[in-house]
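Below are the chains, spelled out letter by letter.
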Amino acid sequence: MDNCVALLKLHQEHKASFPTYDGIKHLVADITGINPLIYDMCVNSCIASTGPFAANNKCPECLELRYDPHEPAHGHQTAHRTFHTYPLGPQLQAMYASVENAHLMHHHTECTHKIRTQLCDNPNSIRDLDNIY
């Protein structure tokens, strides 16, 4: 929050058009095509309401209610807490969409292959191995 306040102080002239946190999240999702999967979870983080717990209205561990009884329901109930997960498949697709990123992702493999080849040719040729990352 301090960063946001500092930016707003610095750029008063753009205050009206300064994007909100939710606005930035939606913008990133639109640009990348990667949207989170959102699951209800226990207010105490005991379980996520998926799989065998998907139909539960109470946590089987701590017995806390899944939905907030004080939150007005506008056509749907509001969970006490949610968990956001980003599927790996769309992330990898987005990374491989760029030729430069695809090449960078193979850098570790290329370095490892070079070191193994050098060691196979002459086991004493490498005295020190630097961490390649």
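Reading the values: the criteria
Residues numbered from 1 in each chain as written. Predicted model: local features only at pLDDT ≥ 70, side-chain atom pairs only at ≥ 80, totals over all residues. Heavy atoms only, no water. Helix = DSSP H or I, 4+ residues; strand = E, 2+ residues; numbered from the N terminus. Rg over C-alpha atoms; globule rule 2.2 N^0.38 Å. Buried < 20%, exposed > 50% of the residue type's maximum accessible area, 1.4 Å probe, protein only. Contact = heavy atoms within 4.5 Å. Areas by Shrake-Rupley, 256 points an atom, 1.4 Å probe, with all protein chains shown as cover. Lys, Arg positive; Asp, Glu negative; His and termini not counted. Charge placed at Lys NZ, Arg CZ, Asp CG, Glu CD. pLDDT = per-residue confidence, 0-100. 1 Å grid on protein atoms, 1.4 Å probe; cavity = no way out; pocket = protein on both sides within 12 Å on 5 of 7 lines; lining within 4 Å. Points joined across faces, edges and corners; volume = space filled by probe spheres on them. Nonpolar A, V, L, I, M, F, W, Y, C, P; charged D, E, K, R; others polar. Salt bridge = Lys/Arg side-chain N within 4 Å of Asp/Glu carboxyl O. Disulfide = S-S within 2.5 Å.

## A look at the overall build of the chain
Working step 1: Looking only at helices and strands, the chain has five helices and two strands in total.
Working step 2: In the chain, the succession of helices and strands from N to C terminus is α-α-β-β-α-α-α.
Working step 3: The C-alpha atoms of the chain give a radius of gyration of 24 Å, which is well past the 14 Å a tight globule of 133 residues would have.
Working step 4: Summarising its shape, the C-alpha atoms of the chain cover approximately 70 × 50 × 30 Å along the three principal directions.
Working step 5: A buried classification covers 11% of the 133 residues belonging to the chain.
Working step 6: Long-range pairs, those at least 24 residues apart, make up 37% of the contacts in the chain with a sequence separation of at least 6.
Working step 7: Of the roughly 10900 Å² that the chain leaves accessible, carbon and sulfur atoms contribute 57%.
Working step 8: Positive and negative side-chain charges in the chain, numbering 9 and 14 respectively, have mean positions lying 3 Å apart.

## Some words on the confidence of the model for the chain
In low-pLDDT segments, the atomic positions of the prediction should not be examined closely.
Working step 1: With 90% of its residues at a pLDDT of 70 or more, the chain has an overall mean of 84.
Working step 2: Confidence, read as mean pLDDT per element, is least for helix α1 (residues 2–10) in the chain (77) and greatest for strand β1 (residues 37–41) (93).

## Some details on empty space enclosed by the protein
Working step 1: Scanning the model with the defined rule gives one cavity of 30 Å³ or more in all.
Working step 2: In this structure, the largest cavity spans a volume of roughly 60 Å³.
Working step 3: Contributing to the lining of the largest cavity are Met41, Cys42, Val43, Ile47, Ser49, Phe53, Asn56, Lys58, Cys59, Glu64, Leu65 and Arg66.

## Topic: unusual backbone geometry
Working step 1: Of note, Ser45 is a non-glycine position whose phi angle comes to about 65 degrees, a positive value.
Working step 2: Along the polypeptide, Ser45 turns up in the loop between β1 and β2 (81–85).
Working step 3: Residue classification places Ser45 among the partly exposed residues on the basis of a relative accessible area of 39%.

## Re the layout of surface pockets
Working step 1: Estimated volume of the largest pocket: approximately 230 Å³.
Working step 2: Surrounding the largest pocket, Lys25, His26, Val28, Ala29, Thr32, Ile34, Asn35, Pro36, Ile38, His84 and Tyr86 form its lining.
Working step 3: Residue classes in the lining of the largest pocket are distributed as six nonpolar, four polar and one charged.

## Overview of the pattern of salt bridges
Working step 1: As enumerated under the stated definition, the model contains two salt bridges in all.
Working step 2: Ionic pairing is found between Asp22 and Lys25, a salt bridge with its closest N-O pair at 3.4 Å. Of the two residues, Asp22 and Lys25 both sit in helix α2 (residues 21–32), three residues apart, roughly one turn of that helix.
Working step 3: Of the residues examined, Asp22 reaches a relative accessible area of 43% and is grouped as partly exposed.
Working step 4: With a closest N to O distance of 3.1 Å, Arg66 and Asp40 form a salt bridge.

## Looking at the environment of Leu92
Working step 1: Take Leu92: it is sitting in helix α3 (residues 88–96).
Working step 2: Overall, Leu92 belongs to the partly exposed group, its relative accessible area being 36%.
Working step 3: Taking the C-alpha atoms as reference points, Leu92 and Ala102, ten residues apart in sequence, are found 9.4 Å from one another.

## A short note on the state of the cysteines
Working step 1: Considering all chains together, one arrives at zero disulfides under this definition.
Working step 2: The thiol of Cys62 is unpaired, and the distance to the nearest cysteine sulfur, on Cys42, comes to 3.5 Å.
Working step 3: Judged by its relative accessible area of 28%, Cys62 falls in the partly exposed class.
Working step 4: Here Cys111 stays unpaired: no disulfide links it, and the sulfur of Cys120, its closest cysteine neighbor, is 16 Å away.
Working step 5: Relative accessible area serves as the criterion here: at 19%, Cys111 is assigned to the buried category.

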